[in-house]
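Secondary and tertiary structure notes
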Amino acid sequence: MRTKLSVNINKIATLRNARGGDYPNVIDFAQKAQIFGADGITIHPRPDERHIRYNDARALRPVVNTEFNIEGNPIDKFINLVLEVKPDQVTLVPDDPNQLTSDHGWDTIKHKNYLIEIIKVFKEAGIRTSIFVDPDLKMVEGAAQTGTDRIELYTESYASEYAKGHKEIVKPFAKAAVLAHQLGMGINAGHDLNLENIAYFKQNIPYLDEVSIGHALVVESLIYGMENVIRMYQQKLQ
Ligand code: PXP
């Protein structure tokens with residue numbers, strides 16, 4: 001099965017914001033990523049808009065002709081933005097406003113009722129839902145009870161252990177994917193995936209629908225060029 005590559009463009013907005021102007025332009029970057037073969041564009045607007053801004057989400061909507069994925073903590077402001085922009089997919093992430101980046105998945109048992117309520121709102125609006133979870137079978141079971149369409153496996157531990165040569169780290173991810181599939185959910189994955197670790201992940205994780213990659217992909221693009229990098233990811237995801 002083919003795994004889709006969604007390019008997270010938050011880092012392009014960070015670069016733009018560093019100078020206060022509109023260069024690099026995130027719309028232009030999203031268009032080019034799609035021309036070069038990305039299957040989707042992901043953004044993660046945070047409440048302080050320090051990377052991508054809420055208005056970027058609005059401006060990107062008509063430009064993203066692949067799959068548009070908006071990630072974030074479902075505070076009211078975020079829910080309203082997603083319902084207005086109507087992306088193809090919303091990924092719910094339990095991040096604090098001041099967190100540098102996402103660093104854990106949902107406790108799907110503790111927050112079950114909260115998640116059920118929010119997921120229902122998005123599904124009624126025709127938006128596919130995904131929730132960010134650690135590769136923990138109890139959390140995957142809990143996710144299935146929320147009614148979410150998909151889970152996104154949080155891959156930071158895979159990436160850091162793989163870099164140390166601990167390839168067996170992939171096993172809990174594979175088990176989580178198998179269980180999620182048995183429970184009727186699709187499987188996405190993301191965080192710290194890169195050109196070095198993506199092929200082994202893909203080879204060992206069944207039913208992998210989509211990966212979303214930002215930080216490493218942008219750094220690798222500085223070295224090899226974005227067109228080459230997207231092509232390299234696509235080859236590794238076959
Ligand atoms: N998935 C989620 C939920 C994230 O928060 C992020 C980072 O914003 C990613 C995937 C992508 O991670 P990276 O930038 O390390 O590729």
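The following refers to the structure shown. Numbering of residues starts from 1 in each chain and follows the order in which that chain's sequence is written. Owing to the predicted nature of the model, reporting of local features is limited to residues with pLDDT of at least 70; listing and counting of side-chain atom pairs is limited to 80 or more, with chain, interface and lining totals taken over all residues. Hydrogens and water are ignored here; the side-chain numbers use all heavy atoms of the structure.

Quick look at the site of the ligand now. Near residues are defined by distance, with any heavy atom within 4 Å of the molecule or strand qualifying the residue. Neighbouring residues of the ligand: 15 residues in total, closest Ser102, Glu152, Asp192, Gly214 and His215. Residue Asp192 places a main-chain N or O atom 2.8 Å away from an oxygen atom belonging to the ligand. Exposure was quantified through the Shrake-Rupley algorithm and a 1.4 Å probe, taking into account, for residues, occlusion by the shown protein chains and nothing else. Contact with the protein chains covers 93% of the free accessible surface of the ligand, which is 390 Å². Counted by class, the shell around the ligand contains three nonpolar, nine polar and three charged residues. Polar contact is the term for a pair of N or O atoms within 3.5 Å; when the atoms are in protein, one must be able to donate a hydrogen and the other to accept it, and sequence-neighboring residues count only if both atoms are side-chain atoms. Residue polarity is assigned by list, with Asp, Glu, Lys and Arg as charged and Ala, Val, Leu, Ile, Met, Phe, Trp, Tyr, Cys and Pro as nonpolar; anything else, Gly included, falls into the polar class.

Our focus in this paragraph is the pattern of salt bridges. Between side chains of opposite charge, a pair can form when the charged atoms approach closely. What counts as a salt bridge is simple: a side-chain nitrogen of Lys or Arg found within 4 Å of a carboxyl oxygen of Asp or Glu. Per the counting criterion, the structure on display carries 15 salt bridges. Ionic pairing is found between Asp56 and Arg16, a salt bridge with its closest N-O pair at 2.9 Å. Taken together, the residues Asp56 in helix 3 (residues 54-60) and Arg16 in helix 1 (residues 10-19) connect sequence positions 40 residues apart. With respect to class, Asp56 is no different from Arg16; both count as buried. Taking the shortest distance from any N to any O, the salt bridge between Lys120 and Glu124 comes out at 3.6 Å. One end of the pair, Lys120, and the other, Glu124, are both in helix 5 (residues 112-124), four residues apart, so they sit about a helical turn from each other. The burial state of Lys120 is the same as that of Glu124; both residues are exposed. Starting at the N terminus, helices and strands are each numbered in turn, a helix being any DSSP run of H or I of at least four residues and a strand any DSSP run of E of at least two. For every residue, the accessible area obtained with a 1.4 Å probe (protein chains only) is divided by the maximum for its type, and the residue is called buried under 20%, exposed over 50%, and partly exposed between those limits.

Among all positions of helix 6 (residues 137-146), only Met139, Val140, Gly142, Ala143 and Thr146 are buried. An end-on view of helix 6 places all buried positions within 160° of arc, on one side of the element. Where the residues of helix 6 are buried, they touch helix 5, strand 5 (128-133), strand 6 (150-154) and helix 8 (170-182). Capping of helix 6 at its N-terminal end is provided by Asp136; its side-chain oxygen lies 2.9 Å from the backbone amide nitrogen of Lys138. Read the arc as the range of directions from the helix axis to the C-beta atoms. Between two residues, a contact is recorded if the distance between any of their heavy atoms is within 4.5 Å.

Let's shift gears to helix 5. What a helix should span is 1.5 Å times the count of its residues minus one. Here helix 5 spans 18 Å end to end across 13 residues, near enough to the 18 Å set by a 1.5 Å rise per residue. Along helix 5, the residues that are buried comprise Leu115, Ile118, Ile119 and Phe122. Summarising the axial view, the buried residues of helix 5 lie within an arc of 100°, below the 170-degree limit, and thus occupy one face. Of the exposed residues in helix 5, the ones pointing more than 90 degrees away from its buried face are Asn113, Glu117, Lys120 and Glu124. Packed against the buried residues of helix 5 are helix 4 (76-85), strand 4 (89-92), strand 5 and helix 6. Positive phi shows up at Gly126, right after helix 5, with a value of about 80°.

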